[in-house]
Every structure is written in C-alpha cells, then in structure tokens.
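Remarks on the overall topology
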Amino acid sequence: MTKAFAFLSRRRATGRPLHWTDIAAYIYLGIGVVVMFGPVLWLVMSSFKTPAGLLEFPPSLLPMSQTEVSVPGQAQPLPLFRVTMPDGQVRELVQLRRIGLVAQMADPKDLTQTFRVPVDKREPVRAFSVATGNYTEPLRRFDFLHFLWNSVFITVVATALTLLINSMAAYALSIYEFPGKNAALLTVIGTLMIPITIILVPVYLVVTELGLVNTAWAVILPGAATPTGVFLLRQYMLTLPRDLIEAARMDKASEWQIYWRIILPLTLPALAVLAIFSVMWRWNEFLWPLAVLTKTESYTLQIGLNAFQGELQTQWHYLLAMTVMTLLPIALVFVFLQRFITTGIGNTGMK
Amino acid sequence: MTLPAPLGALTTLPLRLLDAPMRALQRAIGERRMPYVFLAPNAAFFGLFVFLPIAINLWFSVTGGPALFPSERPYVGAGQYAYLFECGSYIDPNSCREDHFWRGVANTAKFTAFQVVAMVGLSLVTAVVLNMKIRARGFFRAVYFFPVLLSPVVVALIWKWILQRDGLLNAAITAMGGDKILFFIDPNWAMFWAVLVSVWAHMGFYTLILLAGLQAIPADLYEAAEMDATPRFRVFRLITLPLLWPNMVVVIVLALIRGVQIFDEVYVLTGGGPGSATLMVVQYIYETAFSNQVQNFGLAAAASCVLGVVLFCLTLAQLAASRRKGA
Amino acid sequence: MKAIARTLVLGLALGLGVAQAASAQTTLRMTWYSDGNEGEVMADLLKRFESKNPDIKVVLDEVPFKAINETLPVQLASGQGPDMARVADLGGLARYMMDLRPYLKNAATWEANYGPFLKWMRVPGDTASIPGYMTQLTVTGPFVNKSLFEQAGIAMPGANATWQDWATAAKSVAAKTGAPFPLAIDRSGHRFFSLAIAQGAKVFDAAGEPAVVDDGFKRAAQLVVDWHKSGVMSKELWGSVSGAAYRGANEEFKNAQVVMYVSGSWQIGQFDKTVGDAFDWVAVPSPCGPANCTGMPGGAALVGIKATKHPAEVARVLDYLASEEIAGELYARALFVPGNLALAAKGIDYKAASAPAKAALKVFGAAVAKLDPVANQLQGYTNNRIIFNAVISRLGQTITGETTLDEAYGRITQDVAQQIAERNKK
C-alpha cells in the first residue's frame, strides 16, 4: 500500500512536482489502454461463450453457461433453472420445453411433478465454463488450417519477392545516374498512392490472361512492386556512404556483388521495416483476394473469415472464435517485433 | 544489426548463386547499363500490374457491354462519363442518374472530413502525451499501435459484436438507465461508428509519425523556454506546433488519401448500410464491377478513373508538402 | 512484352508445384450452395457415382449463396468457372450453360420430366437445349410461429385471409408476446413480387417487355412502406443493408423472434433440423390480395457450364443425378419440393421429415397449383434478376428515407431499362 502511494505521489523523473498535465496524461493513457485493448479482450472472452450465453442481455463478463442435469428418460441433459414459485418458494427445476412465454418445468428428482412457469419467474443456474467447441467445431467445417497455410505462403513469398525487387530498384535509383532515372523516379512517386481498387477489373483481366486466377500467385504478384517500398528504401540508401562502393569497385567487385554484399547489409534497418509492413499488408489484404480467389481451397484466412461471416450471418459463437484465431498470428508477430516496428517507423523514410 | 549466421547464409544463397551470371552480364553490357538490370524486375511487375491495367481501365471507361475482354467491348466514347456526371445538381444525389455513385462521393467526403479531423487531432494529443516524460513509454506506444496490425475484417467484426443490439455497449447504456440504441439502422450512428472504428484502427500509425517529429525537435529549445518560465501551452503553440507542422501536413495528407480510399472496414462493418448511408465510392466501384447481378465494367472503370484523378492530385499535394519540409 | 511476362510468370508459377501428371481420371468441379443439408446429401450421391464410375472424380466446392450470386458470374465471364454449378439465377446465367442434349442417351426422358423448367434455363430464342435439371422447385410462402399465437391468445387468420389481416394479427401477437419482428419478409425482390402479384401487379406489358411499376405494384410498395412505418416490419431487416444485398430472417425465426416469416419452401429442411421442439411452427397458404393468392415459384438448377473441358463426363454426372431414383433421393432427404414432373405426380415419401416438416411440405405442394401465370412468366424471364435487384434496392432506399416512393418508382423503371440495355450491348 505504501509502495502504491509512493508510486502515485512520486516526483517526475526530472525532480519537479507533478503538473496537472502529467496526471491528465496518465489518465489519457489509462483510457487508451482500455479503449485499445478492451474490445479485443472482449472479443476473446465472448468467443468462449455458448450460443445461449451470447444471446443473453445484459451479457456477462466471463463466459458462463447454464448447468445441465441428466435425468432418466430424457436423451439430452436438461437445463437447470432457479424458479420463484407462486408461493414465494425458490426451487431448482429443469426445463422440459419452452413455448413462447411459458416454460414447462419439472423437479429433477421427480419428473412426474411438472409445473407451468412463466419465463420471467425463472433464472438460469450458471457456472463458469469455457465453450471450446466454438473453436473445434468450425475447424471441422471451416478449413482453417488450409486457409492459414495459404495466408502464410502468400505472406512469406510476397515479402521475400518485394524485398528483393524493391531493393534492386531502390539501389538503381539511389546509387546510379542514368538516362531515364528522373522519369523512373517520377513514375514511382506518382503512383505511390494508387490503390489496387482503382484498377481492380483490369488487373483481374491481366491475371486471367496469365492463367493465374485462384492461385496464390494471383495475390502475390500484382502487389510485389510497391512504390512505397522503393521510396522507403531509396530514402535510406541515399544516406549510405559512397566511398565503400568506390572501394569495392576498385577491388573488382561486380555491381551485383556490391549490391548484395555491401549495400543490402547496410540497409537492413529499412529492409526490416519494409518486411514488417509487407507482412502486415499481405496478411491483412482483403479486397484484391476477395475478387480473385473464388475457389474455397485457395482462400486466405481473411477471405475465409469473411465468407464464413456471410454464410452464418448470426452464428456469432463460431464467428467470434474464428476471428480470434485469425488475429492470433499477427498478435504474436506484434509481441515479438513490437520494438522494431514502433522505432522503425519513426526512424526510416519519414525524414 | 546482423542476422544469425545460418539464417544469413540461407537467405543469401539465391543471391550468391546469381553472382556468376550477373558478372557475365555486366561484362557483356558494361557497367553503365547495369542500373537498368536492377530496375528491370520492379519495372516489369509495375508495367504488367499497374500501367497496363491503368491503360486497360481507360479503355474500359470508354466502352460498354457486359463482356470482360476488351476486344469484345463496343466503343461508346464518353458515354459512361456522361452517364456518371448526368446530374440535376451535384449536391443532391437524388437528382443524378447514377445516384449511388454520387451518394458514394458525398459519403466519402463526409467520412474523410470527419476522419481526418478526428485522426489528426487524436494522434497529435497522443503523440504529445507519449512524448512527455512518462514511465513505460514503450508499453504505451505499443498499446496505441496494436490495432494497426489487425486486419480490417477482424477490426470490423470486433466492433460489430460490441455494437450489436444486445452487445456490450447497449449493456452499458441500459445499465446506466438508457434505452438500447440500434446503431446500424440509424444513418448518422452508422457513419459515426464507421469513422470511429477507422480512427481506432489506424491512429497508432499516425501517432508514431508525429511522435518521431516531436522527438526531432531539439531539446535546447525547450530548455530555453523552461529557463524563461514560459507556460506550457505557450511552449506548445510557439515552439512545438510550428516545428511539428511539416509532419502534421504529411499526416493530414496521408489521412486524406486513406479516407478517400476507404473500403475494407466499412464494408464489413455496415455493408454500406443502412440503405446507402455508409456507401463509399470504392464500394460503389467494387459492387458495380463485381457483385451486382449485371456487371457493369465500363461504368466501374469510369468511376475509378475519376477517383484516380482525385487521388493523383492528393498525392501531388503530399509530395509538395514533404518537399517543403526539406526531404 | 506480354509474351516475356507470360514466360516469366509461368516460370515462377511452376514453383507452385501443382503440375498434375496426366492421369486416367478426369476431375470435375461442382460449385454448390446449401440452405440445409443438401450439401451432405449431394456429397453422398457423388461418392456413389464415383464408385460406379472410377474414371471420374467430382470435387464439391461448397460456397455461400452470396458467392453464387456475386462471384460466380464474374468467374464465368472470365472463363474460369467450374464444370457444373448449382445456380438460382437461371435466366441471367443461361448464356454460360452448356447443352447436354448431344451427350445424353435419353434426352426424351429429360424432356418429359423437366420440360417446363428447361425453358427457364435457356437463352431467349433457344427451344431445344438441355442445360441441367432442377435440384428443387421452390415456392414462396409464410412460416408462422404457432406457439406465439397461442401465447397471445389470438386466432390465426383463416385460409383466404388477406395480407392486411395477417399483418394486423402478427402485430397484435408481437405486442402481446414481446417478439421484436411481427412480420418479416426476406429482403429479396423475388419475395416482394409474391406480394405484388397478389396485389395485381402484371409486371409485363402486352408485348412481354417489362413494365414493372403499375397499380398493383404501387399498392404492394405502399403496403411495405406503411408496415415499416407502423412497426409491422422492423427496419433492422430491410433497412440494415444496402443496394440489392440479401437479408433473410431465418436466424431470427429460429430464435422465436419472428411471428410470421415470408420466405419459401427451401427453409423447411433447416427449420426441421434446428427448431426442434422449442416452439410449434407451421406453413400457411400465401395470403391473398385483390387479384389472387399467389406465391412466386423458383428453384435452383444444377447445370453444366459451357466452358468445361469435359462435356461428356459432365453429361454423365448430370444424367446420373437427374435420374428418377437419385433425384428422388435428393428431394426426399433434403426435404425439397420436387422439380421432376414424374416424381411430383407420384409424390415423395419424406421419410426423414418430422411432422411439422411434412405438413409444411404439403402446404407448399398445394401452393404450386395456385401459382398465378404472371408469377410463372416472371420466373421464366431471362432478365428477372435485373428487375428483382432494382426493385429491392430502391424500395430499401425508400424504407431508410433516402428517397420518396415516387422517386423510387421512377428509378426502378430507369434502372431496369438501363441495365437491360447494357446487357444487350454488343
């Protein structure tokens, strides 16, 4: 307790007393944590609820589900309720049927004793329980592992391809002077912000002509030559010292060797940022795969999830579980590479 | 920063394999022509998947008919554009022939305006807060950045779940004594949440850009101000803001560009509804080309050319802004 | 340039390693959607076919109904589609369907059993081709939550009750029992027309061209708008999505939140499986309007696709599936109203059906006889999807207050004319 008090009333690192803006800052940050993490946390907790649990209002924080009792003579276990009887007594009864506003209920120990109970007089008996079925059921129906593989394959190959060809282009545009350089540079910059949405149909056509529809390559190839990537890498390469290159040339190194033995290792920070961006973009890509992947076995995780959503409009218990599974991989990446990502964006390209 | 040795060897293997052929190539064409070799793969992809489609798109926009292949499409001149722009008054979508397009334009404009203000404002505040001398800055920075990593489908589904008729938000509202609000059947609420969800998902990115800008401001300026006992807000107004301005412009233009292109989250969150209250231009293009019963590729292409022009202008603005910054 | 690109890309594509060695087995792809369990039934039937015909393998691609409507047409337009598909927009996709006749041994049986429905699958002007068979015939009609009526103590309207009678009754029941949706109609132009034609809409002019907005149509549109205003229909269904997007209310009905749900016979299988004894549900005859008491016919057909590389094999698969015994099994197990005349005459023994399902099937079967000629004409019209989409999209806008009803009428006429013209451009 004293430690907490000391923490709260301590002075700022610089030794000055706490200004009201500091307190406001911490409050803001606290709210930020709740607002940023809260929804995701709620998603995860809701994903463990049973369909009945999801239907109730107001929703409970923890996944709870109704206790069920196996009774002789009934194939399925029956739900248990706490019922307020007309005489004021509170009993625990199982429900046989529910029709509109009236439930037919019975004493679990003696099924011949039945009661007609209005639904507002009963309360379910609940206990904490985790509905893992929400995760396992769809894995049977929703080919999650297959979609996961598709997403991973696309992301990894696309990132490798992007890193390679973007760095080559950036190298050409930063180190050399050659006729047509300015034109090339202008084109790169000019198309910096043209999203694929604008040229959706023609790219679809090109992909169709190349016979790539419904393959992973239809998703990998069109986005490989990102102008943002070239721009980012070029900015960084411009800051590299030229004398290293001159020295290497004097040592009879070929241009290719200079590129990958000298320049690439020096550009590693920028390459890392581009890699992270690329992984993010590719993993989360939605519109283009939606248009070009129409066979279920070629779906990526995002498209599969969307199709799943469309098909089972309101089967939230499966939907939530699948959403959690879709966001897990990127969350893991985040946990491990968080420092890279957040410092990298600040450092590179935005100078 | 080095990769662990075996990983390094593995990734450079394909590059190493190309050593000999590349040297031969260099000998053949000379060192001066090597840049073209480096530029070639990127240029090839670019040409095939960006320029060719842009050209085809232009052709689509001047042709009609239901065929997908350009050779099967009859030329109609400016017909598609005429159809698109035929309006009694551009402000009232109802008076236009292609009212969905203009509704999309109006919605996108509304969305972008709100989003940019909210995004830049909140990012600025957050960046300033993160720049203060607080403990666990790395943790908080990560917290704000976390939603950026989530995919649009996931983001939209998370919020759709919270905003449901029987969702968490309505539970909070009824707990405080109010009535349930059906957010998705009210056009204003739907737009509000579209903006908010988009801001929630992306503000971390802009916060980091502004934070980098703030950290680039020399500390001696602040020390000087402190010695003069300048009140905090004056410091902010006279030192921080002017020096941060170039970054702010970048953020504003980036947010503008993103706003105009918005599709994914809104499409999954509201589907463009209720009615067409959150129908954005990109969704209009997508549906006209792909998901309507009758695919109208020509009209979609015309609309996307219009959007392309707008985006191009915004891109030029962004470049002019960053150039002035002294790139 | 393109050739270089193609070589480059194909070279890369080889790395995918999908190269299949030339095998004696032909693999066919069938795109399928399910409302209930028909996907499982079809998988079962295909397995049996494969055991009888080891040189053919059929891959069953199960996709959501949305994909059939949205992405399949683009696939077909680009020549990238499957070999067979179960489709609902028969007229719209007719131009992609193949003629099985040259490959069939007994085309005459096909004609006899599926004759009247083959018309729906042909392009205008074609009178001879056989593209596929009806996996089911459907009729629109209402499902009613009988238990809610009992709870409210209100009697269900009788056999020849009007739409207004049912609307009033449903509203009272909902008020008494707290159900949020008194009347729910699928957000679909097809369903809307069962209401419209009953109100006297003729849809076509004397020359057979679309003349959608007439008095009957306006009566129906006004009813729907009024119902949304008075709360008989909730804005949550029609008002929550945009454009021509479909929105059904089967989940809400299964959760006993809907008093009366106007959908169609394809829901029987699903309801049978999932409602259980949570409440009593019945199918009732379609309500009446001033003109008639009709529903709308429909159905999905399993057709061969023109662009297939294995037409003879496709014909063999479809011939097997369309045979009386196999088709009959599909209808019986999936609880479908048969689209095969011989089987319809004999009657299907729905062994697996529960009592409510059997009763419902009977009601819908009887409704087939009451179909109005206009309804049949509309279902068989090639461009009917254009009409349905235009109507539902504009009425949806009226419901959310974006346009007035009169504006909507103008737009519907315009949309229909423009899209038909676009489709016919050569």
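Residues numbered from 1 in each chain as written. Chains lettered and ligands numbered in written order. Predicted model: local features only at pLDDT ≥ 70, side-chain atom pairs only at ≥ 80, totals over all residues.

Quick look at the pairing of strand β1 (residues 26-32) of chain C now. Residue and element names in this part refer to chain C. Of the strand pairs in this sheet, β1 and strand β2 (residues 56-62) are connected by seven bridges, and their pairing is parallel. Opposite Thr27, over in β2, you have Lys57 as the bridge partner. With helix α2 (residues 38-52) bridging β1 and its parallel neighbour β2, the resulting β-α-β unit is right-handed. Pairing between β1 and strand β3 (residues 84-87): two bridges, direction parallel. Paired with Thr31 across the bridge in β3 is Ala85. (Pairing = 2+ DSSP bridges. Helix = DSSP H or I, 4+ residues; strand = E, 2+ residues; numbered from the N terminus. Right-handed = clockwise from strand over helix to strand, strands pointing away.)

If you look at the interface, chain C gives 32 residues, while chain B gives 28 residues. Contributions of two or more residues to the side of chain C that touches chain B are made by α3 (65-77), α10 (235-238), α18 (384-399) and α19 (405-424) of chain C. Classifying every residue of the side of chain C that touches chain B by side-chain character gives eight nonpolar, 13 polar and 11 charged. (Contact = placed C-beta atoms within 7 Å. Nonpolar A, V, L, I, M, F, W, Y, C, P; charged D, E, K, R; others polar.)

Attention now moves to the interface of chain A and chain B. Contacts between the two partners involve 82 residues from chain A and, on the opposite side, 80 residues from chain B. Considering every element that reaches the side of chain A that touches chain B, the biggest residue donor is helix α2 (residues 20-46) of chain A, with 14 residues. Broken down by class, the residue content of the side of chain A that touches chain B amounts to 60 nonpolar, 19 polar and three charged.

Time to look at the environment of His146 of chain A. Residue and element names in this part refer to chain A. By the element assignment, His146 lies in helix α5 (residues 144-175). Take His146: there are 15 C-beta atoms within 10 Å of it, and that puts it in the partly exposed class. Measuring from C-alpha to C-alpha, the distance between His146 and Thr300 comes to 8.3 Å, with 154 residues separating the pair along the chain. (Buried ≥ 20, exposed ≤ 12 C-beta atoms within 10 Å, placed from the backbone.)

Moving on, we come to the pairing of strand β6 (residues 258-264) of chain C. Residues and elements named next belong to chain C. Burial analysis of β6 places seven of its seven residues in the buried class, which makes it a mostly covered element. As defined by bridge partners, strand β4 (residues 132-145) adjoins β6 across five bridges and the pair is classed as antiparallel. By the bridge assignment for β6, Thr140 is matched with Gly264. Bridge count between strand β5 (residues 181-185) and β6: four bridges; the pairing is parallel. When the sheet's bridge partners are listed, Ile185 is paired in β6 with Val262.

Before going further, it helps to examine the environment of His19 of chain A. All names here are of chain A. As for its placement among the helices and strands, His19 is situated in the loop between α1 (2-9) and α2. Taking the C-beta count within 10 Å as the criterion, His19 has 12 such neighbours and is therefore assigned exposed. Here the alpha-carbon distance between His19 and Thr136, two residues 117 residues apart in the chain, equals 52 Å.

Once that is clear, we can look at the packing of helix α5 (residues 99-131) of chain B against helix α9 (residues 187-215) of chain B. Residues and elements named next belong to chain B. As a packed pair, α5 and α9 sit with axes 6 Å apart at the nearest point and diverge in direction by 40 degrees. In terms of their interaxial angle, α5 and α9 are classed as oblique. Read as a crossing pair, α5 and α9 show a hand that is right-handed. Residue composition of the contact of α5 with α9, by class: 18 nonpolar, eight polar and one charged. (Axes fitted to C-alpha atoms, helices over the stretch in contact; angles between N-to-C directions. Parallel < 35°, antiparallel > 145°, perpendicular 65-115°, else oblique. Left-handed = near helix turned anticlockwise from the far one by under 90°.)

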